[in-house]
Amino acid sequence: MVIPVRIGILALQGAFIEHEKMLSSLGCEAIQVRKTEHLADIDGLVIPGGESTTIGKLMNEFKLTDRIRDLAGDGLPVFGTCAGLILMAREIVDSDQPRLGLMNIVAHRNAFGRQVDSFETNLEVEGLGPDRFRAVFIRAPYIETVRNGVDVLASVGDKVVLAKEKNLLAAAFHPELTDDSRVHSLFLKEVEKFLANKKKIRAIV
Amino acid sequence: MTEQGTWRVKKGLAEMLKGGVIMDVTTPEQAKIAEEAGACAVMALERVPADIRAAGGVARMADPTVILKIMDAVTIPVMAKCRIGHFVEAQILEALGADYIDESEVLTPADENFHVDKNSFKVPFVCGARNLGEALRRIREGAAMIRTKGEPGTGDVVEAVRHMRMVMGEIRRLQNLPREEMMTAAKEMGAPYDLVLEVAELGRLPVVNFAAGGIATPADAAMMMQLGCDGIFVGSGIFKSGDPARRAKAIVAATTHYNDSKILAEVSRDLGEPMVGINISTLADIDRMQERGW
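The model shown is predicted, which means the values in this text are computed figures rather than measured ones.

K.L.:
Help me out: how do you make sense of the confidence of the model for chain B in this one?
P.N.:
In low-pLDDT segments, the atomic positions of the prediction should not be examined closely. Looking at chain B as a whole, its pLDDT mean stands at 96, while 100% of the residues score no less than 70. We note a pTM of 0.96 for the whole complex and an ipTM of 0.95 for its interfaces.

Encoded structure:
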């Protein structure tokens, strides 16, 4: 019997169901994570879009922050979108809000403006081939500074909006709000590497 | 091609608010308390619904200064209310940079026949509804988010429950109808035919659906979530209670863990005095805000 890959999706607040649908359609089992026990035995973790201050506070209140940091340090692939990117950043411009601080990046919140400035655009993404990715930016952040070990995968003008550091992937936009699964597939490549390293036998079915 | 104000971008912000609590605030200080407690957005107002009710008279859009000060005080999205049908108040709110406009029955309606044409705005709108037909009419006008009307400013959850059960029940009914009965269903509820078909297919509204109007406790919030809504508006329930910061935080936790009765029991403890409230059955017909709009 094939055991499907198990991806945890942080489900404290925000658009976690859209990630769940996308990952299920890609052959994964999606687990909603609200408490530490939900983190046991997952092969990857998604930090969804939502309000980063809300999610950060709830992560602390329900003791998820340290546990997720340990798992990510241990190589667990983590994929953050929008609020997820902010929570994964080590530094956030003008903010001391709670965060995971996993990635060597500086995030700038609401950096494209308020909701009336939100937009969608076609993005050239490294590793996704010639077809552009329709990216939806909602009160989006961008990555102001990329430090050692971080690869830039996509930018809007000179603003970095998709970056990767070892097992960590962060997007300023919302691939889960489109039908295009290519960015999620990039994340699942990391998951496959992680499973191979851990010698776990699970498959994307 | 880069586009702004698309349906996906408007609806998308509501998707990001799901599982969260949107709190009514009247000052920058209250806005900070709400943000600190974990609100996913705030509604900037001059008065909360309970005070609007008490004051009587005509209730209008808030002074832009109040809204701008609240926008300055917090980093989370800031919503603001315009009167039903008052498209110029809506234009002003869009110019101020409000992140969402609530075309709201809490304020005195400006037009007794027509709601705002929300499709012509770049900023997204949320509207109240008591049943599926009303929700679908608002969506076709351009509302990118729906909430129950409930009965604002009462602290009595009974009307929000009635409206949520009504919408959910009507959706379940549509799902069981054969295709040839859909047009008659659309006609009876006064809803656009294409949206009726879409709802029957999806088994839910095509936009995010929040609960509002009378929610005052963590248990109220969790009950609405268990009834199937996507998130919670709390109006007077927080800042008309004895310990707003503590109650706000508890309602946020209850909205996340709405299915976990142990956590609900824990966060419901020692919250101080809830808002006093008004029992709906003692409210005169003329004082019922939910009858505003159609």
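K.L.:
Is there a simple way to explain the packing of aromatic side chains in this structure?
P.N.:
The description of an aromatic ring pair rests on the distance of the ring centres and on the angle between the ring planes. One pass over the full model with this rule turns up nine aromatic pairs over all chains. Geometrically, the ring pair formed by Phe210 of chain B and Phe233 of chain B is edge-to-face, given 5.6 Å between the ring centres and 65 degrees between the ring planes. In this pair, Phe210 of chain B sits in strand E8 (residues 208-211) while Phe233 of chain B sits in strand E9 (residues 231-234), placing the two residues 23 residues apart along the sequence. Residue class for Phe233 of chain B comes out buried when judged on its relative accessible area of 6%. Ring pairing ties together the aromatic residues Phe112, Phe119, Phe133, Phe137, Tyr142 and Phe173 of chain A, which thus form one cluster.

K.L.:
I'm lost on the pattern of salt bridges in this one. Help?
P.N.:
All names here are of chain B. One pass over the full model with this rule turns up 40 salt bridges over all chains. Residue Glu134 pairs with Arg130 through a salt bridge whose shortest N-O separation is 3.5 Å. Note that Arg138 and Glu141 form a salt bridge whose closest N and O atoms lie 2.7 Å from each other. Here Glu141 and Arg138 lie together in helix H6 (residues 132-141), a separation of three residues that amounts to about one turn. One continuous salt-bridge network, built from bridges that share partners, spans Arg130, Glu134, Lys149, Glu159, Arg162, Arg288 and Glu291.

K.L.:
Just checking my understanding: could you explain unusual backbone geometry for this structure?
P.N.:
Negative phi is the rule for most residues except glycine; trans is the rule for most peptide bonds. Residue and element names in this part refer to chain A. Its identity as a non-glycine residue notwithstanding, Lys63 has a phi of 60 degrees, on the positive side. As for its position among the elements, Lys63 is in the loop between helix H2 (52-61) and helix H3 (65-73). The phi torsion at Cys82 lies on the positive side, around 55 degrees, for a residue other than glycine. Position of Cys82 among the secondary structure elements: in the loop between strand E4 (78-81) and helix H4 (83-88).

Definitions and cut-offs
Residues numbered from 1 in each chain as written. Chains lettered and ligands numbered in written order. Predicted model: local features only at pLDDT ≥ 70, side-chain atom pairs only at ≥ 80, totals over all residues. Heavy atoms only, no water. pLDDT = per-residue confidence, 0-100. Phe/Tyr/Trp six-rings, centres within 6.5 Å; stacked < 30°, edge-to-face > 60°. Helix = DSSP H or I, 4+ residues; strand = E, 2+ residues; numbered from the N terminus. Buried < 20%, exposed > 50% of the residue type's maximum accessible area, 1.4 Å probe, protein only. Salt bridge = Lys/Arg side-chain N within 4 Å of Asp/Glu carboxyl O.

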